Amino acid sequence: MTGTDILTGIALVLVIEGLVYALAPSLIERLLEALREMPIETRRNLGLMTFATGIVLLWLVRG
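A brief report on the enclosed structure follows.

Definitions and limits used
Residues numbered from 1 in each chain as written. Predicted model: local features only at pLDDT ≥ 70, side-chain atom pairs only at ≥ 80, totals over all residues. Heavy atoms only, no water. Helix = DSSP H or I, 4+ residues; strand = E, 2+ residues; numbered from the N terminus. Rg over C-alpha atoms; globule rule 2.2 N^0.38 Å. Buried < 20%, exposed > 50% of the residue type's maximum accessible area, 1.4 Å probe, protein only. Areas by Shrake-Rupley, 256 points an atom, 1.4 Å probe, with all protein chains shown as cover. Lys, Arg positive; Asp, Glu negative; His and termini not counted. Charge placed at Lys NZ, Arg CZ, Asp CG, Glu CD. Patch = residues over 30% accessible without salt bridge, like charges linked within 9 Å, V, L, I, M, F, W, Y side chains within 5 Å. Salt bridge = Lys/Arg side-chain N within 4 Å of Asp/Glu carboxyl O.

Concerning the overall build of the protein chain
Now for step 1: Across its full length, the protein chain holds 3 helices and 0 strands.
Now for step 2: Order of helices (α) and strands (β) in the protein chain, N terminus to C terminus: α-α-α.
Now for step 3: What you see for the protein chain is a C-alpha radius of gyration of 15 Å, clearly larger than the 11 Å of a compact globule of 63 residues, by over 25%.
Now for step 4: Reported as C-alpha extents along the three principal axes, the dimensions of the protein chain are approximately 40 × 30 × 15 Å.
Now for step 5: The 63 residues of the protein chain split such that 2% are buried.
Now for step 6: Accessible surface for the protein chain amounts to roughly 5,600 Å². Of this, 73% is attributable to carbon and sulfur atoms.
Now for step 7: Here the protein chain contributes 5 positive and 6 negative side-chain charges, whose respective centroids are spaced 3 Å apart.

Below, the structure is given as structure tokens:
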């Protein structure tokens, strides 16, 4: 994995997040409210599951 790959990945995340904010700002507000109501442990588990899914996808694509 090169620095270019890392920057490409970061750029793609920013593009997708920017589209979500531009096209569905009210959805973001509802999502943030739902996150506030979740217990911290649930948020942590959600983050770990998201992280693991990303690692598996990277492994499948790059492997």
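Structural notes on a nonpolar patch on the surface
Now for step 1: There is a patch of nonpolar side chains on the surface, built from Met1, Ile6, Leu7, Ile10, Leu14, Phe51, Ile55 and Leu58 and spanning about 870 Å² of accessible area.
Now for step 2: Among the elements of the structure, helix H1 (3–23) and helix H3 (40–62) are those that each provide at least two residues to the nonpolar patch.
Now for step 3: Here the element with the most residues in the nonpolar patch is H1; it accounts for 4 residues.
Now for step 4: With respect to the helices and strands, the residue Ile55 is situated in helix H3.

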